[in-house]
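Topology and contacts: notes
Spelled out, the chains give:
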Amino acid sequence: MSAGRFWAVSFVVAAALLVLTRWQIQNEYFFFAGYVVLQYIVLATAWNILGGYTGYINFGTAAFFAVGAYTAVVLHKLTPVPVPVMIVAGGIVSGIIGLGMGYLTLRLKGVFFAIATLAMAIVAQTLIVNWDFVGGARGIYVIRPQHGPLVGGYIQYLYSLMLLLTWFSVAIARTIERSRLGLGLNAIRDDEQTAEAAGVPTLRLKLIATTVSGALMGMSGAPLPYYVTYLDPSSSFNLSYAVNSVAMPMIGGMTSWVGPIIGAVLLGTIQQVATVTISSALNLLIVGLLLIGFVIVAPNGIVGLVKPRHRARGGR
Amino acid sequence: MEISLDLLVNAIVAGLLLGGFYAAVTLGVTISFGMLDIVNIAHPAFIMLGSFITYAINSAFHLDPILIGVTMMPAFLVLGMAVYQIYYYAFERRGQESIQGLAFFFGLLFVGEVALILVFGVDYRFVEAAYIGPSLHFGFVELPLRMLVPFVVALAMVGLLQLFLGRSFIGRAILAVAQDRLALQLMAANPSRVKRIAFGISIATAALAGALLIIIQPVEPSIGRDYIGRIFAICVLGGMTSIPGMVAGAMLIGIAESITSTFYGPSWSPAVAFGFLLLALAVRPAGILGR
């Protein structure tokens, strides 16, 4: 299926899903939980662009995600703008940060890159903690409007936005995957030196990957203040976002755009169910155990179990 | 902002004492990451485990925390060897240690923290010992015993390990496997056995480091996350394989954190270690680091 056709078909699917769920489901909790699952699909897809396609493991998801959220907070405090504008703004700011991170971590490989991303997340968190305008360590309260611009409550509106954002990010991921950019990124993942020698512009491609990945993560974080109504650094920069955005693509499968969706839906749903039925600390335990289990047993994820056409090469 | 001399000197002294403790914390990672190339990002989880076991035994039986730490070490040695065995079978044999191994340890870090939360809750826990509270005074310089005692114990552990690595047979085998694994195989030694022992030793140091941690400050499970950056920053600064370099790096970061905390406020200190790390990684890329 060509890129254009995929965008059209997936848009139809997303729109149908949106109409169906908005029309049929009355229980408000579905939209709360659905928002979270969709947000994780976006995070996992965005992570996978840098992690699965390019082979650079990013532990700093929280930085981009929380920066997107705090961009929305800053806009909310300065001038009231509609949420879609905040999403775009969050994407731009996080994209710039992604670009900066790409430059800073130019020459780092493997675990050094991962630790540098973690360092960046902590530095970003410390900066926000010390910035009083957005509340600092106390956090900030954001009043959620009663009704969305369209029919229905505000949560349904955020859910709809997140569904559209999910469509957008999945379409982008697939477009990248099937394009020359994707081939270049895969080449970087398989053997960066050989790719350089073969003429792949690794620096430029890596910067594109970090920027796109960061921008999408920032976009997914922008509606967060309205969703939670109370934002503080320790929850928005929480390491659980990093673990989830690593675990979901790894469990789903890192080589294709389908993997993050599978992983995010599976893990996100399990976590929501566990939070409600058992306890909220336990769901993180489940994610960690699933991650460890899958990484040991099925290194290529669920996609790899179903169609083992892409085997990771050993001994690199 | 005027910098009063005694405040500065006290900050530096506190930083030195803290640095000694950081050396104990990073010692295990110098072995596992610097020498064995195993990205044990879950090291803080083992330290927290050590801290909480120390708390549990101390509050039940009122034993001295350092004594508890030392007696935990054999158990942690076995634990470390078991973890390495899993890591070896799952990843090293398949040659996939880079991404999957990292994810494995990341998951382990998380599972460790959440398990501690489920068992102990999120309250701050502390231990009671005779030396927590009093401090020595030399003029205007204050040496709190709760920092001085861990400092001494930490440096003793580091020194003992350095001796062990240099003098004993297994220690030299560990240094050998760090330098050239193939050559070790040609010498008819089993590298994975040596690595297993080395990894066990690295986790055993985490046990004592955990006991020292809970002497210095009250702990709760998520503190481990702050230490990831510090540990790897010190390891990288120290040149990865060199233990004396690591101690110097630990002192440097300890002093930097202490001065930042004293003069700019403690809310900035988490960024110090990570900032150093980013600087070190940006300026000296992975290939040149002391190997």
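Residues numbered from 1 in each chain as written. Chains lettered and ligands numbered in written order. Predicted model: local features only at pLDDT ≥ 70, side-chain atom pairs only at ≥ 80, totals over all residues.

What to know about the overall build of chain B
What chain B contains, in helices and strands, is eleven helices and two strands. Listed N to C, the secondary structure of chain B is α-α-α-α-β-β-α-α-α-α-α-α-α in terms of helices and strands. Since a compact globule built from 291 residues should have a radius of gyration of about 19 Å, the 19 Å found for chain B is in line with a globular shape. Its C-alpha atoms give chain B principal-axis dimensions of about 60 × 45 × 35 Å. (Helix = DSSP H or I, 4+ residues; strand = E, 2+ residues; numbered from the N terminus. Rg over C-alpha atoms; globule rule 2.2 N^0.38 Å.)

Describing the overall build of chain A
Helix and strand content of chain A: 15 helices and two strands. Taking the principal axes of its C-alpha atoms as reference, chain A extends roughly 55 × 45 × 40 Å. Buried residues in chain A amount to 52% of all 316 residues. Contacts in chain A between residues at least 24 apart in sequence constitute 77% of all its contacts with a sequence separation of at least 6. (Buried ≥ 20, exposed ≤ 12 C-beta atoms within 10 Å, placed from the backbone. Contact = placed C-beta atoms within 7 Å.)

Topic: the environment of Gly-199 of chain A
All names here are of chain A. Mapping Gly-199 onto the fold places it in the loop between helix 8 (192-197) and helix 9 (202-221). Of the residues examined, Gly-199 has 9 C-beta atoms within 10 Å and is grouped as exposed. For Gly-199 and Gly-184, which are 15 residues apart along the polypeptide, the C-alpha to C-alpha distance reads 9.7 Å.

Digging into the confidence of the model for chain A
Of all residues in chain A, 97% attain a pLDDT of 70 or more, and the chain-wide mean is 87. Within chain A, the lowest mean pLDDT, 82, falls on helix 15 (residues 301-306) of chain A, and the highest, 93, falls on helix 9 of chain A. (pLDDT = per-residue confidence, 0-100.)

Digging into the confidence of the model for chain B
All names here are of chain B. Here chain B shows a mean pLDDT of 86. Residues at 70 or above account for 95%. Taken element by element, the predicted model of chain B shows its lowest mean pLDDT in helix 11 (residues 269-283) (77) and its highest in helix 2 (residues 43-61) (93). Per-residue pLDDT stays below 50 along residues 286-291; that stretch engages in 14 contacts with residues further than four places along the chain or on separate chains. The complex prediction reports pTM at 0.87, with the ipTM value standing at 0.83.

Quick word on the interface of chain B and chain A
At the junction of the two partners, chain B supplies 36 residues and chain A supplies 39 residues. Looking at the side of chain B that touches chain A, the elements that each hand over two or more residues are helix 4 (97-120), helix 9 (224-237) and helix 11 of chain B. Looking at the side of chain B that touches chain A, the element that brings in the most residues is helix 4 of chain B, giving 15 residues. Of the residues belonging to the side of chain B that touches chain A, the class tally is 26 nonpolar, eight polar and two charged. (Nonpolar A, V, L, I, M, F, W, Y, C, P; charged D, E, K, R; others polar.)

Concerning helix 13 (residues 258-277) of chain A
Residue and element names in this part refer to chain A. Between the first and last C-alpha of helix 13 there are 28 Å, a value that for 20 residues agrees with the 28 Å anticipated at 1.5 Å per step. Every buried residue belonging to helix 13 is among Gly-259, Pro-260, Ile-261, Ile-262, Gly-263, Ala-264, Leu-267, Gly-268 and Gln-271, and all of these are buried. Buried residues belonging to helix 13 abut helix 2 (28-53), helix 6 (154-177), helix 12 (239-252), helix 14 (280-297) and helix 15. (Expected span 1.5 Å × (residues − 1).)

A few points about the packing of helix 2 of chain B against helix 3 (residues 65-92) of chain B
Residues and elements named next belong to chain B. Viewed as axis vectors pointing N to C, helix 2 and helix 3 meet at an angle of 125 degrees, and their least axial separation amounts to 10 Å. By the criterion of interaxial angle, the relationship of helix 2 to helix 3 is oblique. As helix 2 packs across helix 3, the resulting crossing turns out to be right-handed. Contacts between helix 2 and helix 3 involve Phe-46, Gly-50, Ile-53, Thr-54, Ile-57 and Asn-58 on the former and, on the latter, Pro-65, Ile-68, Gly-69, Met-72 and Phe-76. (Axes fitted to C-alpha atoms, helices over the stretch in contact; angles between N-to-C directions. Parallel < 35°, antiparallel > 145°, perpendicular 65-115°, else oblique. Left-handed = near helix turned anticlockwise from the far one by under 90°.)

Focus on unusual backbone geometry
Residues and elements named next belong to chain B. Non-glycine residue Asp-37 carries a positive phi angle of around 65 degrees. Within the fold, Asp-37 resides in the loop between helix 1 (5-35) and helix 2. In this structure, His-62 is a non-glycine residue whose phi angle is positive, near 60 degrees. Summarising the element assignment, His-62 is placed in the loop between helix 2 and helix 3. Judged by the 10 C-beta atoms lying within 10 Å of it, His-62 falls in the exposed class.

Some thoughts on the environment of Ala-247 of chain A
All names here are of chain A. Counting through the fold element by element, Ala-247 comes out in helix 12. Residue Ala-247 is classed as buried on the basis of its C-beta count, with 30 C-beta atoms lying within 10 Å. On a C-alpha basis, the gap between Ala-247 and Thr-79 in space is 37 Å, while along the polypeptide they are 168 residues apart.

Structural notes on the pairing of strand 1 (residues 135-138) of chain B
Where strand 1 of chain B and strand 2 (residues 141-144) of chain B come together, four bridges link them in antiparallel fashion. If you follow His-137 of chain B over to strand 2 of chain B, its bridge partner there is Glu-142 of chain B. (Pairing = 2+ DSSP bridges.)

A closer look at the nonpolar core
By size, the foremost hydrophobic cluster in this structure holds 203 residues, and its most contacted members are Ala-24, Ala-233 and Leu-277 of chain B. Discounting residues that sit within four places of it in the chain, Ala-233 of chain B has contacts with Ile-253, Ala-273, Phe-274, Phe-276, Leu-277 and Ala-280 of chain B. (Core = buried A, V, L, I, M, F, W, Y, C linked by C-beta atoms within 7 Å.)

Some points on the packing of helix 3 (residues 61-78) of chain A against helix 4 (residues 83-104) of chain A
Helix-helix packing is characterised by the crossing angle of the two axes and by the distance between the axes. Residue and element names in this part refer to chain A. Contact geometry of helix 3 with helix 4 gives a least axis separation of 8 Å together with a crossing angle of 135 degrees. Considered as vectors, helix 3 and helix 4 are oriented oblique to each other. Of the two possible hands of crossing, helix 3 and helix 4 adopt the one that is right-handed. Residue-level inspection shows Phe-64, Val-67, Gly-68, Thr-71, Ala-72 and Leu-75 of helix 3 in contact with helix 4, the latter providing Met-86, Ala-89, Gly-90, Val-93, Ser-94, Ile-97 and Gly-98. Classifying every residue of the contact of helix 3 with helix 4 gives eight nonpolar, five polar and no charged.

Considering helix 3 of chain B
For an α-helix, 3.6 residues make a turn, and residues three or four places apart therefore share a direction. The sharpest bend along helix 3 of chain B comes to roughly 35 degrees, located at Met-73 of chain B, with the proline Pro-74 of chain B sitting one to four residues further on. Considered for burial, the residues of helix 3 of chain B that qualify are Pro-65, Ile-66, Ile-68, Gly-69, Met-72, Phe-76, Gly-80, Val-83, Tyr-84, Tyr-87 and Phe-91 of chain B. (Bend = angle between axes of the 7 residues up to and from the residue.)

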